[in-house]
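Okay, here's what each chain looks like letter by letter:
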Amino acid sequence: MFEAYQAWQRRIERQPEEYLWRNRDKYLAPVRQALAEYLGTAPANLAFVPNATTGINIVARSLKLQPGDEVLASNHEYGAIDRTWRFIAAKTGAHYITRELPLPLSTHDDFVETFWGGVTDRTKVICLSHITSPTALIFPVAAICTRARAAGIVTVIDGAHVPGQLELDLEAIGADFYTGNGHKWLGTPRGAAFLYARPEVQSQVEPLVVSWGYQSDHPSGSTFQDYLGWTGTRDLSAYLTMASALEFIADNGWEQVRGRCHRLALKAREQLQALIGEPPLCAQAEEWIAQMFAVLLPAQVNPERLEAELFTRYNIEVAVKRWQGFNLLRVSVPAYTTTEDLERLAEALRELL
Ligand SMILES: Cc1ncc(COP(=O)(O)O)c(C=O)c1O
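Since the model is a prediction, treat every value here as computed from it, not as a measurement. (Residues numbered from 1 in each chain as written. Predicted model: local features only at pLDDT ≥ 70, side-chain atom pairs only at ≥ 80, totals over all residues. Heavy atoms only, no water.)

Asks: Can you walk me through the overall build of the protein in this structure?
Replies: Each helix and strand in the protein was counted, giving 14 helices and 10 strands. For the C-alpha atoms alone, the extent of the protein along its principal axes is close to 65 × 50 × 35 Å. For the protein, buried positions account for 54% of its 353 residues. Contacts spanning at least 24 positions in sequence make up 70% of the contacts within the protein whose residues lie at least 6 apart. Surface exposure of the protein reaches about 16,400 Å², of which carbon and sulfur atoms provide 50%. (Helix = DSSP H or I, 4+ residues; strand = E, 2+ residues; numbered from the N terminus. Buried < 20%, exposed > 50% of the residue type's maximum accessible area, 1.4 Å probe, protein only. Contact = heavy atoms within 4.5 Å. Areas by Shrake-Rupley, 256 points an atom, 1.4 Å probe, with all protein chains shown as cover.)

Asks: Even after reading the chapter, I still don't get empty space enclosed by the protein, so can you show me in this structure?
Replies: Empty space among the atoms becomes visible once a probe the size of a water molecule is rolled across them. This model, assessed by the stated rule, comprises 1 cavity of 30 Å³ or more. Looking at the largest cavity, its volume works out to about 30 Å³. Lining the largest cavity, in full, are Thr135, Ala136, Leu137, Arg269, Leu281, Cys282, Ile289, Phe293 and Ala294. Its residues assigned to classes, the lining of the largest cavity comprises 7 nonpolar, 1 polar and 1 charged. Taken domain by domain, the makeup of the lining of the largest cavity includes at least three residues from each of domain 1 (2-251) and domain 2 (254-352). (1 Å grid on protein atoms, 1.4 Å probe; cavity = no way out; pocket = protein on both sides within 12 Å on 5 of 7 lines; lining within 4 Å. Points joined across faces, edges and corners; volume = space filled by probe spheres on them. Nonpolar A, V, L, I, M, F, W, Y, C, P; charged D, E, K, R; others polar. Domains from an automatic or database assignment.)

Asks: Explain the sheet that holds strand S10 (residues 326-332) to me, please; I cannot follow it from the model alone.
Replies: Adjacent strands of a sheet pair through backbone hydrogen bonds, lying either parallel or antiparallel. Taken in spatial order, the 3 strands of this open sheet run S8-S10-S9, and their pairing is antiparallel. For this open sheet the edge positions go to strand S8 (292-297) and strand S9 (319-323), each flanked by a neighbour on one side alone. The average angle at which neighbouring strand axes cross in this sheet is 30°, direction not considered. Packed on one face of the sheet, helix H11 (residues 254-276) meets S8 and S10 and runs near 5° to S8. Against the sheet, helix H13 (residues 303-314) touches S8, S9 and S10, its axis set at about 175° to S9. (Pairing = 2+ DSSP bridges. Axes fitted to C-alpha atoms, helices over the stretch in contact; angles between N-to-C directions.)

Asks: Please explain the packing of H11 against helix H14 (residues 339-352) as it appears in this structure.
Replies: Between H11 and H14, whose axes approach to 11 Å, the crossing angle comes to 15°. As judged from the angle between their axes, H11 and H14 are roughly parallel. Seen along the crossing, H11 lies across H14 with a hand that is right-handed. Residues Leu264, Lys267, Ala268, Gln271, Leu272 and Leu275 of H11 lie in contact with H14, whose contacting residues are Thr339, Leu342, Leu345, Ala346, Leu349 and Arg350. (Parallel < 35°, antiparallel > 145°, perpendicular 65-115°, else oblique. Left-handed = near helix turned anticlockwise from the far one by under 90°.)

Asks: I would appreciate a short explanation of the layout of surface pockets in the present structure.
Replies: Estimated volume of the largest pocket: approximately 1,200 Å³. In terms of lining residues, the largest pocket is bounded by 46 residues, among which Lys184, Trp185, Ser332, Pro334 and Tyr336 are the most central. Elements with a minimum of two residues in the lining of the largest pocket: helix H4 (52-62), helix H10 (237-251), H11, S9, S10 and H14. Sorting elements by how many residues they give to the lining of the largest pocket places H14 first, with 4 residues. Here the lining of the largest pocket is built from residues that sort into 22 nonpolar, 14 polar and 10 charged. When residues are assigned to domains, the lining of the largest pocket turns out to be shared by domain 1 (2-251) and domain 2 (254-352), each giving three or more. Here the second largest pocket defines a volume of roughly 800 Å³. Looking at the second largest pocket, it is lined by 32 residues, and the ones nearest its centre are Arg24, Gln225, Asp226, Gly229 and Trp230. Sorting the residues of the lining of the second largest pocket by element identifies helix H2 (16-22), helix H3 (24-39), strand S1 (46-49), H4 and helix H9 (223-229) as the ones contributing at least two each.

Asks: Can you walk me through the domain arrangement of the protein in this structure?
Replies: By a widespread convention, an interface's size corresponds to the accessible area lost as its parts come together. Taken domain by domain, the protein holds domain 1 (2-251) and domain 2 (254-352). For the domain 1 and domain 2 pair, buried surface summed over both sides reaches about 2,200 Å², with 62% attributable to carbon and sulfur atoms. At the junction of domain 1 with domain 2, the criterion picks out 1 salt bridge. With a closest N to O distance of 2.7 Å, Arg258 and Glu167 form a salt bridge. Between domain 1 and domain 2 we count 12 residue pairs in polar contact (both at pLDDT 80 or more) in total. Of all elements in the fold, only helix H6 (108-116) and H10 reach the threshold of two or more residues within the side of domain 1 that touches domain 2. (Buried area = accessible area lost by both parts, 1.4 Å probe. Salt bridge = Lys/Arg side-chain N within 4 Å of Asp/Glu carboxyl O. Polar contact = N/O pair within 3.5 Å; in protein donor to acceptor, adjacent residues only side chain to side chain.)

Asks: Sorry if this is basic, but what is going on with the side chain of Thr337 here?
Replies: Following the sequence through the fold, Thr337 ends up in the loop between S10 and H14. Overall, Thr337 belongs to the buried group, its relative accessible area being 9%. Setting aside residues no more than four positions away along its own chain, Thr337 makes contact with Arg260, Leu264, Ser332 and Leu342.

Asks: Explain the site of the ligand here, please?
Replies: Neighbouring residues of the ligand: 14 residues in total, closest Thr53, Asp158, Asn181, His183 and Lys184. Ala52 is positioned such that a nitrogen or oxygen atom in its backbone is 3.3 Å from an oxygen atom of the ligand. Assessed atom by atom at 2 Å from the grid points, the ligand resides in the largest pocket. Counted by class, the shell around the ligand contains 5 nonpolar, 7 polar and 2 charged residues. (Near = heavy atom within 4 Å. Sits in = over half its atoms within 2 Å of the grid points.)

Asks: Explanation requested: unusual backbone geometry in the structure shown.
Replies: With the exception of glycine, the majority of residues adopt a negative phi angle, and the majority of peptide bonds are in the trans configuration. In this structure, Pro104 follows Leu103 across a cis peptide bond, with omega equal to -5°. On the secondary structure map, Pro104 appears in the loop between strand S3 (95-99) and H6. You will see that Gln215, though not glycine, has its phi angle at about 50°, which is positive. Locating Gln215 in the fold gives a position in the loop between strand S7 (193-197) and H9. Under the relative-accessibility criterion, Gln215 is labelled exposed at 65%.

The structure is reproduced here in structure tokens:
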């Protein structure tokens, strides 16, 4: 993938006029087409963005929130996204509410009911992770989006960890807005992400960075595309490499790879739960977990120290973080992780704890 990325960089450096200005759309169009097919939507509903944070910021800045309006999220959201909504709330007078979801989470159906208990007649926006960052749990976003649509509430789904880890069908999920990264589980270089907006809400999207697409000299008929299509001179190689990443996973039986990693994750989780002895975050792991999982650690653990020791003494990179008063160890199982890697982690934890 890195070679494909560098090949694009070399091509662009040799002919920046050609790739960045004259024929940019010609080069990006097949990538957008491949991505749209992979994500189950039309190319016109997708814009390239450098990362999920930017995707959420574009939407959050575009929505016309009024004082007293409510934005409902969960207490499992990613810190930067949480801060984005707090910033928007401070600017607009809207309230940002993070619904606390008691642990352990039981079933997806229960989740929908508990989360929906936070909806009021002032709720204008729901923002939820599809796979959460601190707790690594799959949230049932399609059920929430269906219910929100019926209630006239805008849905913004943070799928930063989803492309490449879960099968995605954006039309079936039914979100108004959905953002996802290529650079986490799809294997693209960093700086390759997308923002999906369903056709009915695209006209609400404003440019986060105003550039040539505003009052465009060559309007495409879609302000969504015009506003987000060019945000100033930058390296487009990461976007262009997305096609190679999609080809790679298609050629390498990714469904089987994901399945193997999922089973490894479930097994390792069970082993670590038994070793550590703290209560689980969720009951039915099958439903909640893809290729990542998190386990609670004893309260007396110093998360920074444990993370550093795992890395420096054992050469193991896992996230150990403090979250909502808990200590959490989060393990990712990408394609290159082996059973032996996970056994080494268990062995290291046995020694360190
Ligand atoms: C759930 C979630 N949302 C958003 C992000 C932000 O992704 P990025 O830094 O690529 O914008 C992350 C990053 O880890 C994440 O886990």
